[in-house]
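Letter by letter, the chains look like this.
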Amino acid sequence: MAIRGPRLEFAVGAFLLLALASLLVLAFASTNRQFGGGGDTYPLTARFSTLGQLRLQAPVRIGGVAVGRVAKIDLDPKRFDAVVTLDIDRRYQLPADTSAGIFTSGLLGESYVGLQPGGDPENLKSGEEIAYTQPAVDLIQLAGKYMFGGGSASAPADANSTTTPSPTEATP
């Protein structure tokens, strides 16, 4: 039986430390690089008929730049709309006519809330609702419509078929 020396023990210890460090990096990346509180933010709400794959802590972006996070997702029991609470960084004061939409990064990427600021001189205040929203697009349903006859309602006429004139077109 071979005796394990200090080199082997050092190699195993170094491997374990490397594994723990990579798990820490993975945990850091999965929390979207935010531990603890979100900092100085204010809440806004938005109603959507369809959320798609939107999740908690999803980014809120303006022009591709993250300006906040999705804090809460609820269902309105009266209107049956999804009510999304957004935590927006206080540095960004949004106009009252800002619109919100749910988009996807790439074809199969993460969902995020995209904001499009308007030109209203009034700003949204903490706790107010974004009036203009666009729901998520269901890519599978869209592809199904395209593939299985969602295009044209009438079939094109066959070039070899004989057509009979309608009674208004017939001349005696």
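Keep in mind that what you see is a predicted model, and the values were worked out from it rather than measured.

With that settled, the discussion passes to a nonpolar patch on the surface. On the surface, Leu107, Leu108, Val137, Leu139 and Leu142 cluster together into a nonpolar patch covering about 560 Å² of accessible area. Take Leu142: it is sitting in helix H2 (residues 139-147).

What follows is about the sheet that holds strand S7 (residues 129-130). In space, the eight strands of this open sheet follow the order S7-S1-S4-S3-S2-S6-S5-S8, with mixed pairing throughout. The open sheet terminates on both sides in strands that have one partner only, identified here as S7 and strand S8 (132-134). Across three bridges, strand S5 (residues 99-104) lies against S8 in parallel orientation. Opposite Gly101, over in S8, you have Gln134 as the bridge partner.

The next subject is the packing of aromatic side chains. If you walk through the whole model with that rule in mind, you get one aromatic pair. Between Phe103 and Tyr112 the ring centres are 6.0 Å apart and the planes differ by 40 degrees, which places this aromatic pair in the tilted class. Over the ring of Tyr112 we find Arg61; its NZ or CZ atom is 4.6 Å from the centre of that ring.

Two strands pair when backbone bridges link them, and strand S2 (residues 59-62) and strand S3 (residues 65-75) are joined in this way by four bridges, in the antiparallel orientation. Pairing of Pro59 across the sheet is with Arg69, part of S3. Where S2 lies against strand S6 (residues 111-116), two bridges are found, and the strand directions are parallel. Bridge pairing in S6 places Arg61 opposite Gly114.

What follows is about the pattern of salt bridges. Counted under the stated rule, the structure contains seven salt bridges. Between Arg79 and Asp81 there is a salt bridge; the shortest N-O distance is 3.3 Å. Each of Arg47, Asp76 and Glu129 takes part in a single network of salt bridges with overlapping partners.

Ranked by internal contacts, the top residues of the largest apolar core, which has 22 residues, are Leu86 and Leu115. Among the secondary structure elements, those contributing two or more residues to this core are strand S1 (41-48), S3, strand S4 (82-89), S5 and S6.

Positioned with a positive phi, Gln57 is a non-glycine residue whose angle comes to about 70 degrees. Classification of Gln57 by relative accessible area gives partly exposed; the value is 35%.

For the rest of this paragraph, the subject is the environment of Leu56. For Leu56, the location among the structural elements is in the loop between S1 and S2. Under the relative-accessibility criterion, Leu56 is labelled exposed at 52%. A C-alpha to C-alpha distance of 6.0 Å links Leu56 and Ala71, two positions 15 residues apart in sequence. Apart from the residues lying within four places of it in its own chain, the contact partners of Leu56 are Val70, Ala71, Lys72 and Ile73.

In this model, the protein chain carries an average pLDDT of 82, and 79% of its residues clear a pLDDT of 70 or more. Per-element mean pLDDT across the protein chain ranges from 79 in H2 up to 95 in S4. Residue range residues 161-166 is modelled with pLDDT below 50. Its contacts to residues more than four positions away, or to other chains, number zero contacts.

Attention shifts here to the environment of Thr98. Along the chain, the position of Thr98 falls in the loop between S4 and S5. Along the primary structure Thr98 and Ile130 are separated by 32 residues, whereas in three dimensions their C-alpha atoms are 6.6 Å apart. In this view, Thr98 contacts Leu115, Gln116, Pro117, Gly118, Leu124, Ile130 and Tyr132; residues no more than four positions away in its chain are not counted. A polar contact of 2.6 Å, which involves the side chain of Thr98, links it to the backbone oxygen of Pro95.

Here is what the cut-offs are and how they apply
- Residues numbered from 1 in each chain as written.
- Predicted model: local features only at pLDDT ≥ 70, side-chain atom pairs only at ≥ 80, totals over all residues.
- Heavy atoms only, no water.
- Patch = residues over 30% accessible without salt bridge, like charges linked within 9 Å, V, L, I, M, F, W, Y side chains within 5 Å.
- Areas by Shrake-Rupley, 256 points an atom, 1.4 Å probe, with all protein chains shown as cover.
- Salt bridge = Lys/Arg side-chain N within 4 Å of Asp/Glu carboxyl O.
- Helix = DSSP H or I, 4+ residues; strand = E, 2+ residues; numbered from the N terminus.
- Pairing = 2+ DSSP bridges.
- Phe/Tyr/Trp six-rings, centres within 6.5 Å; stacked < 30°, edge-to-face > 60°.
- Lys NZ or Arg CZ within 6 Å of the ring centre and 35° of its normal.
- Core = buried A, V, L, I, M, F, W, Y, C linked by side-chain atoms within 4.5 Å.
- Buried < 20%, exposed > 50% of the residue type's maximum accessible area, 1.4 Å probe, protein only.
- Contact = heavy atoms within 4.5 Å.
- pLDDT = per-residue confidence, 0-100.
- Polar contact = N/O pair within 3.5 Å; in protein donor to acceptor, adjacent residues only side chain to side chain.

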